[in-house]
Every structure is written in structure tokens, then in C-alpha cells.
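# Descriptive structure summary
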Amino acid sequence: MVQTRSLIDEQGLRTDGRTTDELRNVKIQVGIVKNADGSAYIEFGKNRIIAAVYGPREVHPKHMAQPDRCVLRCRYHMSPFSTDTRKNPAPSRREVEISKVMREALEPAVMLEDYPRAAIDVFVEVLQADGGSRCAGITAASVALADAGINMRDIVSACAAGKVDGKIVLDINDVEDKEGSADMPLAYLPHLERVTLLQLDGILNQEEFNECLDKALQGCKMIYEIQRKALIQKYFGDEQELKEES
Ligand code: ADP
């Protein structure tokens, strides 16, 4: 990451007009893939991502089955039209890495022991990428798992923070990701207060790291509220939402 131009103006506003503490617009819709057992669509800034969950179901190949627990499999994929240059549809090293960290971020939330010898498959398809797609993907996947009725200990909420123009900012967008000086994606179980993913691209000193961690945690808590509302909306409709607000 090499920063060549100013990404925060004199008023403290970022390239997309946000303050340092603001999330991009986040919208989640639950249950949009009819053939899946659970699904979610997320708009996270300009990210457009679908997560679909299949299972618990029989494991193929059978030797992958575990006698005491379920196998959680994740596939993160960026469609060829998701970026401004055509992305090769074959899985890249980056997608293999994100699929792995995504599984590790989700696993602690799923009661795998409740489904021995079975598999749960999670597909995350990025239709449009805008930086922070792994966090948006994890957030959508966790809602899709809940929509599939999978037993869960907690929801997984994910959000990045980073360093831009020497300032710690919440929810890095694509320009900030490419031109900023640090990007720290975080996934968090809001009730168990447990971090399940923490990556860092860039360099932060101890003080900056602590500030970044705090900011990303705040972001995850905001994301959690949006996930909760999306699930309530699907299962109880507007009525429950109105009751909650009053
Ligand atoms: P994240 O999306 O989680 O921030 P990265 O930091 O690895 O993940 O990627 C940042 C952004 O770079 C992506 O959201 C996407 O916009 C862009 N990007 C990643 N891979 C490609 C690619 N193969 N072609 C074009 N743009 C890409």
C-alpha cells in the first residue's frame, strides 16, 4: 500500500464523504436464494454479495465426514464482472485464502457437534467488489447460516478499520484499501465477545493498533444491529420492528 494522494480533506471527510467513524451504507436482505437452505444478500457500500448455505447434508466425498461433528465448508468467489477489469473466474490464491479465513471466522459460532457426519456448505459470491468484501461476505454468510436454521452460539459480525492519511478510520473502502497505509479486517461474536478473525495488511504501532481494534469492534457492533434487524424483518415482519422501536 503506497499512499500517493490525500484521502481525508480539511473537513475531516473521506473520499466518499464519510467521517472517520462512519460505516458505509449497509443493507441486508434475508432468504433471497430459493434453492438454498438459507441465504442473504448484502450491500456494503458498493459491495454486492450473495451468501447461500446448503445443509446440514450428507458429506461428499464420504471420507471427509467427521464422526463427532459437522464439516463446515466455505467458498468465497468473485464473479468475473465484480471488478473493473475482468477477473479470472478460476479461484485465485486470494480467494483460497479468504475461503479459509472465512471458515475459521464462522466455525466458532456454529454448533458443529449438533450435526455429526454431516456437512454445511457456505457459498459467498461477490457480484461487485468495493474493498472489505471478506468482512461483508462473513457478515452475510452468518445471516445465511441463521436463516438456514443452523444451531448457532452467536452471530458473526465483521468490519474492517485501518489507517488513512495518518488517521485511524472505520470501514475501509476500495480506494482506501489500495492507497491507505493499513487495513485490519475483524470478525467478532458480539455476545460471546470473541474475535474470530483479525488480519492486518500494513504497519501500525501499538497505540494505532489498539485504536484500530477498538474502532473495528465498534463497527462490528453496528453491523450486528443491522444483521439482527434483517433477521427480525424476515421472520417477524415490520410489526416486531415497530414494537422494538417504541
Ligand atoms: P477485501 O475485499 O476483503 O478488502 P482485499 O484487501 O484482498 O480484500 O481486496 C481489496 C479489493 O481489491 C477487493 O474488494 C476488490 O475490489 C479488489 N480486487 C481484489 N482482487 C481483484 C482482482 N483479481 N481484480 C481486480 N480487483 C481485485
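This one's a predicted model, so the numbers in the text were calculated from it and none came from an experiment.

## Observations concerning helix H1 (residues 93-106)
Relative to the 20 Å expected for 14 residues at 1.5 Å per residue, H1 spans 20 Å between its end C-alpha atoms, a close match to the ideal helical length. Next to the buried residues of H1 lie strand S4 (71-78), strand S5 (118-128), helix H2 (133-147), strand S8 (182-189) and strand S9 (194-198).

## As for the pattern of salt bridges
Going through the model one piece at a time under the given rule, you end up with 22 salt bridges. Between Asp130 and Arg24 there is a salt bridge; the shortest N-O distance is 3.0 Å. Separated by 106 residues along the polypeptide, Asp130 in the loop between S5 and H2 and Arg24 in the segment before strand S1 (26-30) bring together distant segments of the chain. When salt bridges with common partners are traced through the structure, they connect Arg14, Asp16, Arg18, Arg24, Asp130, Asp171 and Glu176 into a single cluster.

## Things to note about the site of the ligand
Around the ligand, the surrounding shell holds 13 residues, and the nearest of these are Arg94, Gly131, Gly132, Ser133 and Asp177. Between the ligand and Gly132, the relevant distance is 2.7 Å, taken from an oxygen atom to a main-chain nitrogen or oxygen of the residue. Side-chain polar atom of Asp177 to an oxygen atom of the ligand: 3.0 Å apart, as the coordinates give it. Protein chains bury 77% of the 540 Å² of accessible surface belonging to the ligand in isolation.

## Describing H2
Look at H2: 21 Å from first C-alpha to last across 15 residues, which is about the 21 Å you get at 1.5 Å a residue. Counting buried positions over the 15 residues of H2 gives 14, a clear majority of the element.

Calculation notes
Residues numbered from 1 in each chain as written. Predicted model: local features only at pLDDT ≥ 70, side-chain atom pairs only at ≥ 80, totals over all residues. Heavy atoms only, no water. Helix = DSSP H or I, 4+ residues; strand = E, 2+ residues; numbered from the N terminus. Expected span 1.5 Å × (residues − 1). Contact = heavy atoms within 4.5 Å. Salt bridge = Lys/Arg side-chain N within 4 Å of Asp/Glu carboxyl O. Near = heavy atom within 4 Å. Polar contact = N/O pair within 3.5 Å; in protein donor to acceptor, adjacent residues only side chain to side chain. Areas by Shrake-Rupley, 256 points an atom, 1.4 Å probe, with all protein chains shown as cover. Buried < 20%, exposed > 50% of the residue type's maximum accessible area, 1.4 Å probe, protein only.

That's the geometry; what it means functionally is another story.
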